[in-house]
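Okay, here's what each chain looks like letter by letter:
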Amino acid sequence: KTHIIMTEEKTILDLAKANMAAPDPQDTPSQVPASNQRSEDNSVSIALEELLSKVSVKSGWVPVKLPSLGKYNEGVGDTIEIKPFNFEDEKILRSVTSVTDIKSAIATLFQRCTKGIPYPEMSLVDKGYLLYKLREISYGNEYPIEAECGSCQEKNELVVELDKLGTTYVENDASPEISITLPDSEVEAVIRVPRTADDVYLENPTLIMDNLWRFVVRLGKYEERTVIQNFLAKTSARDAAVIRETAFGSGVGLDSKVRFKCIRCGNDQSADLPLNENFFSVS
């Protein structure tokens, strides 16, 4: 709680206002001559230009080709621009203290460091790809991870070179809506591509299933929400699985599988590339 301290005669606020209204001439700071101020400003500008000359070259906007080739967004080309994080962006990252803060920080960083596509309208495949690209140009190409062996459970320390990861691009006839025929109901379903604005519905498997209807644009000739929701509740598990895999399992985007040989048992295998404490770090 905020406590306001008051005297019998005047509050602190009254005293502050009185002081502001009648400043003591002796307390008035001396003014720096305008010519001296301009000279100092010029000196600072010259010093900063010299000190930041190489940073300026490395911190400019660079083109990046989208896995979607821009076909999921009207008016967006196949390439947008991104730039490395600066110190202000780093401060945003280090201010994170909760899951909610993480989402807000990531949204702010995308808005500050990407241009050419609105963040809420960005497809999830483009978002995931750009996140790794921003990490690569901001903190370096090498990303340390720990991968557990599926055979002996040995924890393997690996260093992934981000620029060596493959990328799958959409077909030339791709669109933000995908038409399929469901296997059991034999109904034509039109499925839309998930976007960043849909993140709130995708935080866990239960939420995904409860909100699967949001990604169905049309079933046959029906577009009503109640029809789509009731259809999903009554159709087969295979129909629902095909809808889910069409929306979220397109295979487009960054190849996040990392192949490695276990240091203990020698088993050759692959692991999903994780987001860990080293993701926004140079080490």
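Residues numbered from 1 in each chain as written. Predicted model: local features only at pLDDT ≥ 70, side-chain atom pairs only at ≥ 80, totals over all residues. Heavy atoms only, no water.

Trainee: Quick question: what am I supposed to make of the side chain of lysine 133 here?
Mentor: Summarising the element assignment, lysine 133 is placed in helix α6 (residues 124–139). For lysine 133, a relative accessible area of 18% translates into the label buried. Only 3.2 Å separates the side chain of lysine 133 from the side chain of glutamate 136, close enough to count as a polar contact. Sequence-distant contacts of lysine 133, defined by excluding residues within four places in its chain, comprise Val64 and Ile82. (Helix = DSSP H or I, 4+ residues; strand = E, 2+ residues; numbered from the N terminus. Buried < 20%, exposed > 50% of the residue type's maximum accessible area, 1.4 Å probe, protein only. Polar contact = N/O pair within 3.5 Å; in protein donor to acceptor, adjacent residues only side chain to side chain. Contact = heavy atoms within 4.5 Å.)

Trainee: Mind showing me how you'd approach the pattern of salt bridges here?
Mentor: Pairs can form between side chains of opposite charge whenever their charged atoms are close. With the rule as written, the count across this model stands at 18 salt bridges. Taking the shortest distance from any N to any O, the salt bridge between glutamate 148 and lysine 155 comes out at 2.9 Å. For glutamate 148, a relative accessible area of 42% gives the class partly exposed. Notably, a salt bridge pairs arginine 192 with aspartate 198, separated by 2.9 Å at the nearest N-O pair. Using a relative accessible area of 6% as the deciding quantity, one classes aspartate 198 as buried. Salt bridges sharing common partners tie together Lys83, Asp89 and Arg112. (Salt bridge = Lys/Arg side-chain N within 4 Å of Asp/Glu carboxyl O.)

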